[in-house]
Amino acid sequence: GVLFSLEEVSSHFSSRTLLQAFIASVVGTLALSVSHLSGEEELTLFSVRYTSTCHPGEYLVFALLGITGGLVGALFNAVNIRWAAFRMKPAFKQRVTPVVEVIVVSLLTLVTSWPLALTRPLMPDAIHALFDTCDGRPGQTHRSKLQADIGLCTPEGQQTQADARLLSVLGAAAAIRFCQMA
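Residue numbers here run from 1 along each chain, matching the order of that chain's written sequence. Under the rules for a predicted model, residues below a pLDDT of 70 receive no local features and side-chain atom pairs below 80 are neither given nor counted, while totals for whole chains, interfaces and linings still include all residues. The side-chain values count all of the structure's non-hydrogen atoms but skip hydrogen atoms and water molecules.

**Thoughts on the nonpolar core**
Now for step 1: As used in this record, nonpolar core signifies buried Ala, Val, Leu, Ile, Met, Phe, Trp, Tyr and Cys residues forming a set joined through side-chain atoms within 4.5 Å. In this scheme, a residue with accessible area under 20% of its type's maximum is buried, one over 50% is exposed, and one in between is partly exposed, where area comes from a 1.4 Å probe on protein chains only. If you look at the biggest cluster of nonpolar residues, it comprises 11 residues: L116, L118, A126, A129, L146, I150, L152, C153, L166, A173 and I176.
Now for step 2: Where helices and strands are cited, they refer to DSSP runs of H or I of at least four residues and of E of at least two residues respectively, numbered from the N terminus. Listed by contribution, the elements that provide at least two residues to this core are α6 (123–131), α7 (142–150) and α8 (164–181).
Now for step 3: Not counting chain neighbours up to four residues away, the residues in contact with I176 comprise T112, L116 and T119. Note on definitions: a residue-residue contact is assigned when non-hydrogen atoms from the two residues lie within 4.5 Å.

The structure is reproduced here in C-alpha cells:
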C-alpha cells in the first residue's frame with residue numbers, strides 16, 4: 001500500500017527513494033507481523049475466513065470487477081489531477097482559505113455519509129462486513145449487526161440473496177465514496 005501511494009502521489013520518484021520506500025515497507029510489515037497491533041493473529045485488518053468455495057464462473061465476475069476497478073481508478077486519478085490543478089489557481093486560493101476548505105469537505109462528507117447504513121461506519125468496518133461470511137453463532141457482534149443493517153445477512157446469521165435494493169445500496173455507497181475520495 002505504501003509503495004502504491006508513493007507511486008501515485010509522486011510525480012518524480014527516483015530509484016533511491018523507491019528503494020528506501022521498499023525497505024520501509026518491508027520493515028513495517030515485519031514489525032506488524034511481530035507486534036500483532038491489529039489485535040488479531042492475521043497480518044492485515046481485512047483477513048476473512050472463507051467457509052465456502054468459489055464457483056468457477058465467479059472468476060469471470062472477479063475479472064470484470066478488476067477491469068472495472070482499474071477504469072474507476074483511472075477516472076479517479078483524472079478527476080483528482082484536475083481538482084488539484086483547479087485548487088492551485090490564484091483565484092481559488094484567494095477566495096477559499098485552507099480552514100474553510102477543510103470545514104466544507106468535512107461537512108460534505110458527514111452529510112453524504114449519513115443516509116446509507118454502509119457509509120456510516122468507518123471504512124475498515126464496512127469493508128470487513130462486506131467480505132466476511134455470515135456467522136450463525138449466538139451473540140451479535142458489531143460486524144454481524146452491520147451485515148444485517150446493510151442487508152447482507154439476516155439477524156440469525158443466514159446469507160441473503162442479492163436483490164435490487166441491496167445492489168442499489170452497494171452502488172450508491174460506491175458512488176458516494178468515489179465522490180468523497182475525489
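**Points about the side chain of E101**
Now for step 1: Mapped onto the secondary structure, E101 falls in helix α5 (residues 98–113).
Now for step 2: By relative accessible area, E101 is classed as buried at 17%.
Now for step 3: With residues near it in sequence (within four places) discarded, E101 still touches W83, R87, F92 and V96.

**Description of the confidence of the model for the chain**
Now for step 1: One confidence number per residue, pLDDT, is output by the predictor and ranges from 0 to 100. On average, residues of the chain score 79 in pLDDT, and 79% of them are at 70 or above.
Now for step 2: Per-element averaging of pLDDT across the chain places helix α1 (residues 2–9) at the bottom with 57 and helix α4 (residues 90–95) at the top with 89.

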